[in-house]
Amino acid sequence: MKSRKPPKVCGLNYLTLVYIPLLLPILKCSALSSSSNNGSGSSSSSGGSQSGSDFDYRMERVRNVLKEVPLIDGHNDLPWNIRKFLKNQLKDFHFGGDLRELAPWSSSAWSHTDLRRLKEGMVSAQFWSAYAPCSSQHLDAVQLTLEQIDLIRRLVLLYPHHMALVTTAAGIEQTHRTGKIASLIGVEGGHAIGTSLSVLRMFYQLGARYLTLTHTCNTPWADCCKVDEPGKYPHIGGLSSFGKLVVKEMNRLGMIVDLSHVSVPTMLDALAASRAPLIFSHSSAHAICNSSRNVPDHVLQRIAINGGLVMVAFYPHFVSCSGQATLHDVVAHINHIREVAGIDHVGIGAGYDGVNLVPKGLEDVSKYPHLFATLLESDKWSEKDIAKLAGNNLIRVFKEVEAVRDQMEMLRVLPIDESIPAEDIMGRSYCRYQGPRT
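In this text, all values refer to a predicted model and were calculated from it rather than measured experimentally.

1. With respect to the overall build of the protein chain
Turning to step 1, where the next piece is worked out: Within the protein chain, the secondary structure is distributed over 15 helices and 11 strands.
Turning to step 2, where the next piece is worked out: By residue count, 55% of the 438 residues in the protein chain fall in the buried class.
Turning to step 3, where the next piece is worked out: Carbon together with sulfur atoms contributes 55% to the accessible area of the protein chain, which is approximately 19100 Å² in total.

Shown next as structure tokens:
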């Protein structure tokens, strides 16, 4: 018996006409989904094409987080720009204005910071760098650093409704609740102490809360990162005996040890010597960009054990090992450090105003929320994670540094005497570098 074929209508199979109405809603839904994914989404400043409403939603989530948790940046070089451009004369510095429209800032590739953009970027706490160049070592480095500390303090006093000088972890949290920017001081470069623990102690008394053990030059007691480069040789091989005393005295004071700019052996020696967590105030991941300024994975693993923190820098030469980078390149460093060390050990230390190149999408201090919103594109990142990255990790480290100080005070550990080994007194710096200061 032959099967009976369905009749045709206008050349179409009868069953086709029956099923088309059932398929139309599915086809329509598929077309809408394809249009949403491929087409008309607005382009965000983070660099990719994406749905405007989705980006706006993520930005709103970021803003809600940053209202509750202070956004803390580990390193900004504005004070040195004020010295360079204005000879530290603050009467000519209009920090409350838009510096993009005011000379000499408007024509400078090194300018990324003013009060308006800090507020737009929802920055709640900033470590300002008190820096003296390597060329001042064994000369006037101590005086220059004192002048930069004085400049930071005077700048904060000029804007009492917007800024507050802060020296404690609790001070950051309290200032955040008032809506002001907590201003902290970090001394960049161990040569600034003139091989003197007395000077170190006085810097602490004046408000400095971290010391970067070297800049891009060796000190008589610590090797800088430049000795790790091909064809270079260590001066000491890490920290000298006096360098280890510097770390221990910083522990006693409650001063954070900063390892940005130091050599890998110096990193390892400092990690072994310190009782408190350490930070990298503005460094990135060596596995992604093999700059000597970045942190190798085996040190990231040690930082996790130490309880410390790597605050990711934005300078393209540290991010992409080239003169160009994007926000997504910075995201890659953040994700790598998170994967190796853990979410509790990554932060932000952009290095604005100390660089003349910035990533696309992170042009100045107003762009931090865009970075966090981009991270929220991934299911790996929650709002709790963003809170840790933005500021909670640094606050935890700071509190643990203070706790070590309090423990040493209870044990009546006294200030270390000025007993400097002869080889440290006679040491000289062999590392000189000209260029971006980051």
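2. Brief notes about helix 8 (residues 241-253)
Since the α-helix advances by 3.6 residues per turn, residues separated by three or four positions end up pointing in the same direction.
Turning to step 1, where the next piece is worked out: Compared with the 18 Å implied by 1.5 Å per residue over 13 residues, the 19 Å span of helix 8 between its first and last C-alpha is a close match.
Turning to step 2, where the next piece is worked out: All buried positions along helix 8 are accounted for by Phe 242, Gly 243, Val 246, Val 247, Glu 249, Met 250, Asn 251, Arg 252 and Leu 253.
Turning to step 3, where the next piece is worked out: Here helix 8 starts with a cap whose side-chain oxygen sits 3.3 Å from the backbone nitrogen of Phe 242, and that cap is Ser 240.
Turning to step 4, where the next piece is worked out: In the stretch just after helix 8, Gly 254 is the one whose phi turns positive, near 90 degrees.

3. Description of the pattern of salt bridges
Turning to step 1, where the next piece is worked out: According to the stated counting rule, one finds 21 salt bridges in the structure shown.
Turning to step 2, where the next piece is worked out: Salt-bridge contacts for Arg 63 lead to Glu 60; the nearest nitrogen and oxygen are separated by 3.9 Å. One end of the pair, Arg 63, and the other, Glu 60, are both in helix 2 (residues 52-68), 3 residues apart, so they sit about a helical turn from each other.
Turning to step 3, where the next piece is worked out: A salt bridge links Arg 117 to Asp 364; its shortest N-O distance comes to 3.5 Å. One end of the pair, Arg 117, is in helix 4 (residues 115-120); the other, Asp 364, is in the loop between strand 11 (346-348) and helix 13 (368-375), with 247 residues separating them in the sequence. By the burial criterion, Arg 117 is buried, and Asp 364 matches it.
Turning to step 4, where the next piece is worked out: Each of Asp 98, Arg 100, Asp 114, Arg 117 and Asp 364 takes part in one network of salt bridges that share partners.

4. A closer look at the state of the cysteines
Turning to step 1, where the next piece is worked out: Under the counting rule described, the total for this entry stands at 2 disulfides.
Turning to step 2, where the next piece is worked out: Disulfide partner of Cys 134: Cys 217, at an S-S distance of 2.1 Å. Looking along the S-S bond of the Cys 134-Cys 217 disulfide, the torsion reads about -85 degrees, which is the left-handed sense. Linking Cys 134 in the loop between strand 4 (123-131) and helix 5 (141-158) with Cys 217 in the loop between strand 7 (208-212) and helix 8, this pair joins segments that are 83 residues apart in sequence.

5. Observations concerning the side chain of Asp 77
Turning to step 1, where the next piece is worked out: Along the chain, Asp 77 falls in the loop between strand 3 (71-76) and helix 3 (78-86).
Turning to step 2, where the next piece is worked out: Classification of Asp 77 as buried rests on a relative accessible area of 0%.
Turning to step 3, where the next piece is worked out: In terms of polar contacts, Asp 77 uses its side chain to reach the side chain of Ser 129, at 3.4 Å.

6. What to know about the nonpolar core
Turning to step 1, where the next piece is worked out: Formed by 93 residues in total, the largest nonpolar core has its most connected members in Phe 93, Phe 95, Leu 213, Val 246, Ile 334, Tyr 368 and Phe 372.
Turning to step 2, where the next piece is worked out: It is helix 12 (residues 327-341) that provides the largest number of residues to this core, a total of 6 residues.
Turning to step 3, where the next piece is worked out: Non-local contacts of Phe 95, meaning those with residues more than four positions away in its chain, are made with Leu 78, Thr 113, Asp 114, Leu 115, Leu 118, Trp 128, Leu 155, Tyr 159 and Met 163.

7. Side note on the packing of aromatic side chains
Turning to step 1, where the next piece is worked out: Counted according to the given criterion, the structure contains 12 aromatic pairs.
Turning to step 2, where the next piece is worked out: Here the aromatic rings of Tyr 315 and Phe 318 are separated by 5.0 Å at their centres, their planes lie at 80 degrees, and the arrangement is edge-to-face. Considered together, Tyr 315 and Phe 318 belong to a single accessibility category, that of buried residues.
Turning to step 3, where the next piece is worked out: In this structure, Arg 209 packs its charged tip against the face of Tyr 204, placed 3.7 Å from the ring centre.

8. Some remarks on the packing of helix 7 (residues 197-205) against helix 8
Turning to step 1, where the next piece is worked out: One can describe the packing of helix 7 onto helix 8 by two numbers: an axis separation of 11 Å at closest approach and a directional angle of 30 degrees. Judged by the angle between their axes, helix 7 and helix 8 are roughly parallel. Like other packed secondary-structure pairs, helix 7 and helix 8 cross with a definite hand, here right-handed. Here Leu 197, Leu 200, Arg 201 and Tyr 204 of helix 7 come into contact with helix 8, specifically with Phe 242, Leu 245, Val 246, Glu 249, Met 250, Arg 252 and Leu 253.

What counts, and at which threshold
Residues numbered from 1 in each chain as written. Predicted model: local features only at pLDDT ≥ 70, side-chain atom pairs only at ≥ 80, totals over all residues. Heavy atoms only, no water. Helix = DSSP H or I, 4+ residues; strand = E, 2+ residues; numbered from the N terminus. Buried < 20%, exposed > 50% of the residue type's maximum accessible area, 1.4 Å probe, protein only. Areas by Shrake-Rupley, 256 points an atom, 1.4 Å probe, with all protein chains shown as cover. Expected span 1.5 Å × (residues − 1). Polar contact = N/O pair within 3.5 Å; in protein donor to acceptor, adjacent residues only side chain to side chain. Salt bridge = Lys/Arg side-chain N within 4 Å of Asp/Glu carboxyl O. Disulfide = S-S within 2.5 Å. Core = buried A, V, L, I, M, F, W, Y, C linked by side-chain atoms within 4.5 Å. Contact = heavy atoms within 4.5 Å. Phe/Tyr/Trp six-rings, centres within 6.5 Å; stacked < 30°, edge-to-face > 60°. Lys NZ or Arg CZ within 6 Å of the ring centre and 35° of its normal. Axes fitted to C-alpha atoms, helices over the stretch in contact; angles between N-to-C directions. Parallel < 35°, antiparallel > 145°, perpendicular 65-115°, else oblique. Left-handed = near helix turned anticlockwise from the far one by under 90°.

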